[in-house]
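# Summary of the model geometry
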Amino acid sequence: MTDAHRTGLLAITVTSLLWGTTGTAATFAPDVGPLAIGAAALGIGGLLQAVVGARSLRTSAPVLARNRALVLVGAVAVAVYPLAFYGSMHIAGVAVGSVVSLASAPLAAGVLERIVDRRPLGRRWTVAAALGVLGSVLLCLSGVAASDGPSGVGTSGATVLGVVLGLVAGATYAVYSWASRRLMVDGVPRAAAMGAVFGGGGLLLMPVLAVTGTPLLASPQNAAVGVYMALVPMFLGYLLFGYGLSRVPASTATTVTLTEPAVAAVLAVVVVGERLTAVGWAGLGVIAVVLVVLAVAPADGADRARSGERGAR
């Protein structure tokens, strides 16, 4: 494993820890709807990405124009993702919503890379993805059991709807990760790639925020939640995510972020008061194994070449 590959994995792991706090943070603004939370978090965070990368965006304008279809696909995915993600957690609970969204993303990312990029997926990634999905399914089953109990979030019907929204979130997460990575591989600097994709998504989310965001200003606590979500897990988190994407493939990045539902599930139990069964704790253990598998996995030849190219920029 190269130093660039290792630092990329570390950056994405820290990102996933930050992202894991979002569901719990949202519970501190209970009168703010999921659409407003999602639009504020990734909308403002995305626009800040564009501000930070403004100089790189200007110098990269010609190559971004040639790749405008890829930028548009990524921006639309960025706009859809938080609405589906926070909607899923609002309906089915923090644990289930986070788990389904993140568990489905590595598979979608792998399919994109295999079909669109014709990139073979290594055996270690396959093992890690399979284990990650298994662990996430166990967490999800624990969430379903909790939702049917007296202290649960809702009914089984709500859980099913939350799962559907979670699958949408997972697919769009994989799409914008792949689009950002593809731009970087095609020669777009990291700041320009992230600024274009996330800035575009942020712009698309502004009308949603304008329509739904009034409750964010109703109290200092609501406003503090919105500021935290936009600046820490979204702005800082996606800066780290972009750094990691410049060094590892999107399929690996989305697999590493399976740490997020584990963090979200633990916080949901400790802070929010959701219940996690023994099956759920077993799922957390399986996800920990995923990180070990990825941490000891050597980068393949293509990854080493790409990592070296990105690290030299």
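Right, let's walk through the structure included here. (Residues numbered from 1 in each chain as written. Predicted model: local features only at pLDDT ≥ 70, side-chain atom pairs only at ≥ 80, totals over all residues. Heavy atoms only, no water.)

## Focus: the overall build of the protein
Condition: Only DSSP runs of H or I covering at least 4 residues are called helices, and only runs of E covering at least 2 are called strands; the numbering of each starts at the N terminus. Between buried and exposed lies partly exposed: a residue is buried under 20% and exposed over 50% of the maximum accessible area for its type, with that area taken using a 1.4 Å probe on protein chains only. In what follows, a contact means two residues having at least one pair of non-hydrogen atoms within 4.5 Å. Calculation of accessible area relied on Shrake-Rupley with a 1.4 Å probe; when residues are assessed, cover is drawn exclusively from the protein chains displayed.
Within the protein one finds 15 helices and zero strands. Buried positions account for 54% of the 313 residues belonging to the protein. Restricting to contacts in the protein with at least 6 residues of sequence separation, those with at least 24 account for 87%. Only carbon and sulfur atoms are counted for the fraction: they give 72% of the accessible area of the protein, which is about 12300 Å².

## Some words on the environment of Ser180
Mapped onto the elements of the fold, Ser180 is located in helix α9 (residues 156–185). On a C-alpha basis, the gap between Ser180 and Ala192 in space is 9.6 Å, while along the polypeptide they are twelve residues apart. If sequence neighbours within four positions are ignored, Ser180 has contacts with Ala193, Met194, Val197, Phe198 and Leu245.

## Some remarks on the packing of aromatic side chains
Inclusion rule: Stacked, tilted and edge-to-face are the three classes applied to pairs of Phe, Tyr and Trp rings, where Trp contributes its six-membered ring and a pair requires centres within 6.5 Å; stacked means planes under 30 degrees apart, edge-to-face means over 60, and tilted covers the rest. Placement of a positive charge over a ring is assigned whenever Lys NZ or Arg CZ falls within 6 Å of the ring centre and within 35 degrees of the normal to the ring plane.
If you walk through the whole model with that rule in mind, you get 13 aromatic pairs. A ring pair is formed by Tyr81 and Tyr173, whose centres lie 5.8 Å apart and whose planes are at 40 degrees; its orientation type is tilted. Pair noted here: Tyr81 is in helix α6 (residues 68–92) and Tyr173 is in helix α9, with a separation of 92 residues, a long-range link. Exposure remark for Tyr173: the relative accessible area of 1% places this residue in the buried category. Aromatic pair Phe85 and Tyr86: ring centres 5.2 Å apart, planes at 65 degrees, arrangement edge-to-face. On the basis of relative accessible area, Tyr86 is assigned to the buried category, the value being 4%. Among the aromatic residues, those joined into a ring-pair cluster are Trp19, Tyr81, Phe85, Tyr86, Tyr173, Tyr176, Phe198, Tyr238 and Phe241. Its end group placed over the ring of Tyr243, Arg247 keeps NZ or CZ at 4.0 Å from the ring centre.

## Digging into the pattern of salt bridges
Where we set the bar: One speaks of a salt bridge when a side-chain nitrogen belonging to Lys or Arg is within 4 Å of a carboxyl oxygen belonging to Asp or Glu.
Within the structure shown, the criterion is met by one salt bridge. Linking Arg182 and Asp186 is a salt bridge whose minimum nitrogen-to-oxygen distance equals 3.7 Å. Of the residues examined, Arg182 reaches a relative accessible area of 28% and is grouped as partly exposed.

## Topic: a nonpolar patch on the surface
Operational definition: Patch membership needs two things, relative accessible area over 30% and no salt bridge, and members are linked within 9 Å if like-charged or within 5 Å if nonpolar (Val, Leu, Ile, Met, Phe, Trp, Tyr).
A cluster of nonpolar side chains, contributed by Leu72, Val76, Val80, Val160, Leu161, Val164, Val168 and Leu204, occupies part of the molecular surface with about 640 Å² of accessible area. Where the nonpolar patch is concerned, the elements lending two or more residues are α6 and α9. Examining the composition of the nonpolar patch, we find that four residues originate from one element, α9, more than from any other. Summarising the element assignment, Leu72 is placed in helix α6.

## Focus on the side chain of Thr172
Position of Thr172 relative to the elements: it lies in helix α9. Those residues in contact with Thr172 that lie beyond four places of it in its chain are Ala77, Val80 and Tyr81.

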